[in-house]
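An overview of the molecular structure
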Amino acid sequence: MPKAFLELSGYIRHAITKKKTSVWIAQREGRAKDSNDRTQESILKMFALSGTSSFITNLQELNISPVTISYEYDPCDYLKAKEFQQKRDDENYKKMPQDDLLNMQTGILGYKGHVNYTFTTSINPELEQIATSIDNRKAQIEAVVTLIDKRIHSNYRIYPINKVAYDELLNTTRFTREVSPEERTEVETYLSQQLSKIDLPNKDTDFLRHKLLEMYANPLINQLATK
(Lines give C-alpha, C1' and ligand atoms only; values in the text may rest on other atoms or scores of the structure.)
Protein backbone atom coordinates (compact mmCIF):
# COMPACT_ATOMS: atom_id res chain seq x y z
CA MET A 1 0.00 0.00 0.00
CA PRO A 2 2.77 2.54 0.84
CA LYS A 3 4.40 1.73 -2.51
CA ALA A 4 1.10 2.34 -4.33
CA PHE A 5 0.59 5.65 -2.52
CA LEU A 6 4.13 6.75 -3.39
CA GLU A 7 3.61 5.84 -7.04
CA LEU A 8 0.32 7.78 -7.19
CA SER A 9 1.89 10.76 -5.43
CA GLY A 10 4.80 10.71 -7.86
CA TYR A 11 2.47 10.60 -10.85
CA ILE A 12 0.42 13.55 -9.59
CA ARG A 13 3.57 15.59 -8.97
CA HIS A 14 5.00 14.69 -12.39
CA ALA A 15 1.74 15.52 -14.19
CA ILE A 16 1.48 18.94 -12.53
CA THR A 17 5.09 20.10 -12.34
CA LYS A 18 6.53 18.49 -15.47
CA LYS A 19 3.68 17.92 -17.90
CA LYS A 20 1.87 21.10 -16.75
CA THR A 21 -1.50 19.36 -16.77
CA SER A 22 -4.32 19.45 -14.23
CA VAL A 23 -5.18 16.55 -11.95
CA TRP A 24 -8.69 16.17 -10.54
CA ILE A 25 -9.01 14.25 -7.28
CA ALA A 26 -11.77 13.91 -4.67
CA GLN A 27 -11.18 15.25 -1.16
CA ARG A 28 -11.88 11.76 0.23
CA GLU A 29 -13.03 8.30 -0.86
CA GLY A 30 -16.47 9.09 -2.20
CA ARG A 31 -18.90 11.70 -0.91
CA ALA A 32 -20.16 11.39 2.66
CA LYS A 33 -23.54 9.66 2.81
CA ASP A 34 -24.95 12.48 4.94
CA SER A 35 -23.40 15.18 2.66
CA ASN A 36 -21.16 16.34 5.50
CA ASP A 37 -18.11 16.30 3.24
CA ARG A 38 -14.71 16.64 4.91
CA THR A 39 -11.20 16.48 3.47
CA GLN A 40 -9.34 13.30 4.35
CA GLU A 41 -5.95 13.90 5.98
CA SER A 42 -4.47 10.85 4.27
CA ILE A 43 -5.05 12.50 0.87
CA LEU A 44 -2.78 15.41 1.86
CA LYS A 45 -0.17 13.04 3.29
CA MET A 46 -0.21 11.14 0.01
CA PHE A 47 0.27 14.38 -1.94
CA ALA A 48 3.41 15.20 0.05
CA LEU A 49 4.98 11.72 -0.14
CA SER A 50 6.82 12.30 -3.40
CA GLY A 51 8.16 15.74 -2.50
CA THR A 52 11.72 16.41 -1.35
CA SER A 53 11.09 19.40 0.88
CA SER A 54 8.82 20.29 3.82
CA PHE A 55 5.19 19.22 3.98
CA ILE A 56 3.90 22.70 3.13
CA THR A 57 6.40 23.27 0.31
CA ASN A 58 5.52 19.89 -1.18
CA LEU A 59 1.87 20.93 -1.25
CA GLN A 60 2.62 24.36 -2.68
CA GLU A 61 4.37 22.76 -5.64
CA LEU A 62 1.05 21.13 -6.57
CA ASN A 63 -0.81 24.46 -6.70
CA ILE A 64 -3.97 23.09 -5.07
CA SER A 65 -7.18 24.90 -6.08
CA PRO A 66 -10.32 23.56 -4.34
CA VAL A 67 -13.43 23.13 -6.48
CA THR A 68 -16.98 22.99 -5.10
CA ILE A 69 -19.55 20.85 -6.90
CA SER A 70 -23.16 21.44 -5.82
CA TYR A 71 -26.02 19.16 -6.88
CA GLU A 72 -29.57 20.37 -6.37
CA TYR A 73 -30.76 16.77 -5.97
CA ASP A 74 -28.80 13.65 -5.14
CA PRO A 75 -30.38 10.77 -7.09
CA CYS A 76 -28.84 8.30 -4.63
CA ASP A 77 -30.36 9.99 -1.56
CA TYR A 78 -33.05 7.32 -1.02
CA LEU A 79 -30.48 4.52 -1.41
CA LYS A 80 -28.25 6.16 1.20
CA ALA A 81 -31.19 6.62 3.58
CA LYS A 82 -32.13 2.96 3.10
CA GLU A 83 -28.57 1.89 3.92
CA PHE A 84 -28.61 4.04 7.07
CA GLN A 85 -31.64 2.11 8.35
CA GLN A 86 -30.21 -1.25 7.33
CA LYS A 87 -27.03 -0.52 9.27
CA ARG A 88 -29.06 0.76 12.22
CA ASP A 89 -31.14 -2.41 12.32
CA ASP A 90 -28.30 -4.84 11.62
CA GLU A 91 -24.80 -3.96 12.82
CA ASN A 92 -23.37 -6.68 10.56
CA TYR A 93 -25.08 -5.39 7.42
CA LYS A 94 -22.86 -5.13 4.35
CA LYS A 95 -23.80 -4.00 0.87
CA MET A 96 -23.85 -6.60 -1.90
CA PRO A 97 -22.03 -6.05 -5.22
CA GLN A 98 -25.36 -5.46 -6.95
CA ASP A 99 -26.10 -2.67 -4.45
CA ASP A 100 -22.92 -0.86 -5.46
CA LEU A 101 -23.84 -1.31 -9.12
CA LEU A 102 -27.29 0.19 -8.52
CA ASN A 103 -25.74 3.13 -6.67
CA MET A 104 -23.35 3.82 -9.55
CA GLN A 105 -26.08 3.50 -12.17
CA THR A 106 -28.44 5.76 -10.22
CA GLY A 107 -25.70 8.29 -9.55
CA ILE A 108 -24.77 8.54 -13.21
CA LEU A 109 -28.22 8.44 -14.81
CA GLY A 110 -30.44 9.86 -12.06
CA TYR A 111 -31.97 13.34 -11.99
CA LYS A 112 -29.73 15.95 -10.34
CA GLY A 113 -31.57 19.18 -11.11
CA HIS A 114 -29.16 22.10 -11.25
CA VAL A 115 -25.44 21.35 -10.97
CA ASN A 116 -22.97 24.11 -10.14
CA TYR A 117 -19.16 24.13 -10.26
CA THR A 118 -17.25 26.85 -8.39
CA PHE A 119 -13.51 27.09 -8.96
CA THR A 120 -11.33 28.83 -6.40
CA THR A 121 -7.81 30.19 -6.60
CA SER A 122 -4.68 28.42 -5.36
CA ILE A 123 -4.35 27.98 -1.59
CA ASN A 124 -0.59 28.68 -1.76
CA PRO A 125 -0.75 32.10 -0.01
CA GLU A 126 -2.64 30.53 2.91
CA LEU A 127 -0.21 27.61 2.97
CA GLU A 128 2.62 30.11 3.40
CA GLN A 129 0.84 31.59 6.42
CA ILE A 130 0.38 28.11 7.90
CA ALA A 131 4.08 27.36 7.40
CA THR A 132 5.17 30.51 9.22
CA SER A 133 2.69 30.23 12.11
CA ILE A 134 2.63 26.46 12.78
CA ASP A 135 5.72 24.29 13.30
CA ASN A 136 4.13 20.96 14.14
CA ARG A 137 3.49 18.80 11.05
CA LYS A 138 0.32 17.21 12.45
CA ALA A 139 -1.08 20.64 13.26
CA GLN A 140 -0.14 21.84 9.77
CA ILE A 141 -2.08 18.97 8.20
CA GLU A 142 -5.13 19.78 10.33
CA ALA A 143 -4.87 23.46 9.36
CA VAL A 144 -4.72 22.61 5.64
CA VAL A 145 -7.74 20.31 6.01
CA THR A 146 -9.66 23.15 7.66
CA LEU A 147 -8.57 25.56 4.92
CA ILE A 148 -9.71 23.30 2.08
CA ASP A 149 -12.99 22.47 3.80
CA LYS A 150 -13.72 26.16 4.31
CA ARG A 151 -13.04 26.89 0.64
CA ILE A 152 -15.36 24.10 -0.48
CA HIS A 153 -18.14 24.72 2.05
CA SER A 154 -18.23 28.49 1.55
CA ASN A 155 -18.85 28.05 -2.18
CA TYR A 156 -21.78 25.64 -2.09
CA ARG A 157 -24.67 26.72 -4.30
CA ILE A 158 -27.67 26.63 -1.99
CA TYR A 159 -31.02 25.51 -3.42
CA PRO A 160 -34.56 25.64 -1.97
CA ILE A 161 -34.35 22.01 -0.83
CA ASN A 162 -31.34 22.86 1.34
CA LYS A 163 -33.23 25.68 3.04
CA VAL A 164 -36.39 23.64 3.57
CA ALA A 165 -34.36 20.74 4.99
CA TYR A 166 -32.41 23.08 7.28
CA ASP A 167 -35.54 24.62 8.77
CA GLU A 168 -37.31 21.29 9.27
CA LEU A 169 -34.27 19.47 10.64
CA LEU A 170 -33.39 22.23 13.13
CA ASN A 171 -37.01 23.24 13.77
CA THR A 172 -36.47 26.87 12.74
CA THR A 173 -38.07 29.40 10.41
CA ARG A 174 -34.78 30.99 9.38
CA PHE A 175 -35.28 30.53 5.65
CA THR A 176 -39.08 30.51 5.48
CA ARG A 177 -39.28 33.80 3.59
CA GLU A 178 -36.61 32.73 1.11
CA VAL A 179 -38.58 29.78 -0.22
CA SER A 180 -41.75 30.34 -2.25
CA PRO A 181 -44.87 28.18 -1.69
CA GLU A 182 -44.30 26.63 -5.12
CA GLU A 183 -40.70 25.75 -4.30
CA ARG A 184 -41.73 24.30 -0.94
CA THR A 185 -44.38 22.13 -2.61
CA GLU A 186 -41.82 20.94 -5.13
CA VAL A 187 -39.42 19.97 -2.33
CA GLU A 188 -42.10 18.14 -0.35
CA THR A 189 -43.20 16.26 -3.47
CA TYR A 190 -39.63 15.27 -4.22
CA LEU A 191 -38.96 14.01 -0.67
CA SER A 192 -42.19 11.98 -0.70
CA GLN A 193 -41.29 10.44 -4.05
CA GLN A 194 -37.83 9.45 -2.83
CA LEU A 195 -39.22 7.95 0.37
CA SER A 196 -41.69 5.90 -1.66
CA LYS A 197 -38.79 4.29 -3.55
CA ILE A 198 -37.39 2.72 -0.36
CA ASP A 199 -38.45 -0.91 -0.10
CA LEU A 200 -37.83 -2.28 3.39
CA PRO A 201 -40.00 -4.76 5.32
CA ASN A 202 -39.68 -2.68 8.51
CA LYS A 203 -39.62 0.74 6.87
CA ASP A 204 -39.11 3.50 9.44
CA THR A 205 -40.44 6.50 7.54
CA ASP A 206 -39.64 9.07 10.24
CA PHE A 207 -36.04 7.88 10.49
CA LEU A 208 -35.63 7.76 6.72
CA ARG A 209 -37.05 11.26 6.27
CA HIS A 210 -34.71 12.54 8.98
CA LYS A 211 -31.75 11.10 7.08
CA LEU A 212 -32.89 12.72 3.83
CA LEU A 213 -33.20 16.06 5.62
CA GLU A 214 -29.67 15.69 7.01
CA MET A 215 -28.29 15.11 3.52
CA TYR A 216 -29.80 18.34 2.21
CA ALA A 217 -29.32 20.46 5.34
CA ASN A 218 -25.63 19.70 5.93
CA PRO A 219 -24.25 21.68 2.96
CA LEU A 220 -26.09 24.77 4.24
CA ILE A 221 -25.05 24.09 7.86
CA ASN A 222 -21.41 23.81 6.77
CA GLN A 223 -21.62 26.94 4.64
CA LEU A 224 -23.07 28.99 7.49
CA ALA A 225 -20.22 27.77 9.72
CA THR A 226 -17.69 29.45 7.39
CA LYS A 227 -19.15 32.94 7.89
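Let me sum up the structure you'll find in this document. Predicted, not measured: the structure shown is a model, and the values here were computed from it.

**Remarks on the packing of aromatic side chains**
Applying the stated criterion across every chain, the model contains 5 aromatic pairs. Here a set of aromatic residues connected by ring pairs shows up, and it is made of Tyr 73, Tyr 111, Tyr 190 and Tyr 216. Over the face of the ring belonging to Phe 84 we find Lys 211, whose NZ or CZ atom lies 4.6 Å from the ring centre.

**Let's talk about helix 4 (residues 77-89)**
Along its 13 residues, helix 4 runs 19 Å from first to last C-alpha, staying within 8% of the 18 Å computed at 1.5 Å per residue. Along helix 4, the residues that are buried comprise Asp 77, Tyr 78, Leu 79, Lys 80, Ala 81, Lys 82, Glu 83, Gln 85 and Gln 86. Looking at the buried positions of helix 4, the neighbouring elements they touch are helix 5 (97-109), helix 9 (181-196) and helix 10 (205-225).

**Description of unusual backbone geometry**
At Lys 20, a residue that is not glycine, the phi angle is positive and equals roughly 60°. The exposure class assigned to Lys 20 is exposed, which follows from its relative accessible area of 65%. For Ser 35, which is not glycine, the phi dihedral falls at a positive 65°. Inspection of the secondary structure assignment puts Ser 35 in the loop between helix 1 (2-17) and helix 2 (41-49).

Analysis parameters
Per-chain numbering applies: the sequence of each chain, read as written, is numbered from 1 onward. Reporting in this predicted model follows two pLDDT cut-offs: at least 70 for local features of residues, and 80 or more for side-chain atom pairs to be given and counted; totals over whole chains, interfaces and linings ignore these cut-offs and use all residues. Side-chain metrics in this entry use all non-hydrogen atoms of the structure; hydrogen atoms and water are not considered. We call Phe, Tyr and Trp rings a pair once their centres come within 6.5 Å, taking the six-membered ring for Trp, and we label the pair stacked below 30 degrees between planes, edge-to-face above 60, and tilted otherwise. By definition, being over a ring means that NZ of Lys or CZ of Arg is both within 6 Å of the ring centre and within 35 degrees of the ring normal. Numbered from the N terminus, helices here are DSSP runs of H or I no shorter than four residues, and strands are runs of E no shorter than two. Between the first and last residue of a helix there are one fewer steps than residues, each counted as 1.5 Å, and that sum is the expected span. Relative accessibility decides the category of a residue: with a 1.4 Å probe and only protein chains considered, values under 20% of the type maximum give buried, values over 50% give exposed, and everything between is partly exposed. By the convention used here, residues are in contact when the closest approach between their heavy atoms is within 4.5 Å.

So far we have only geometry, and geometry alone does not tell us how the molecule works.
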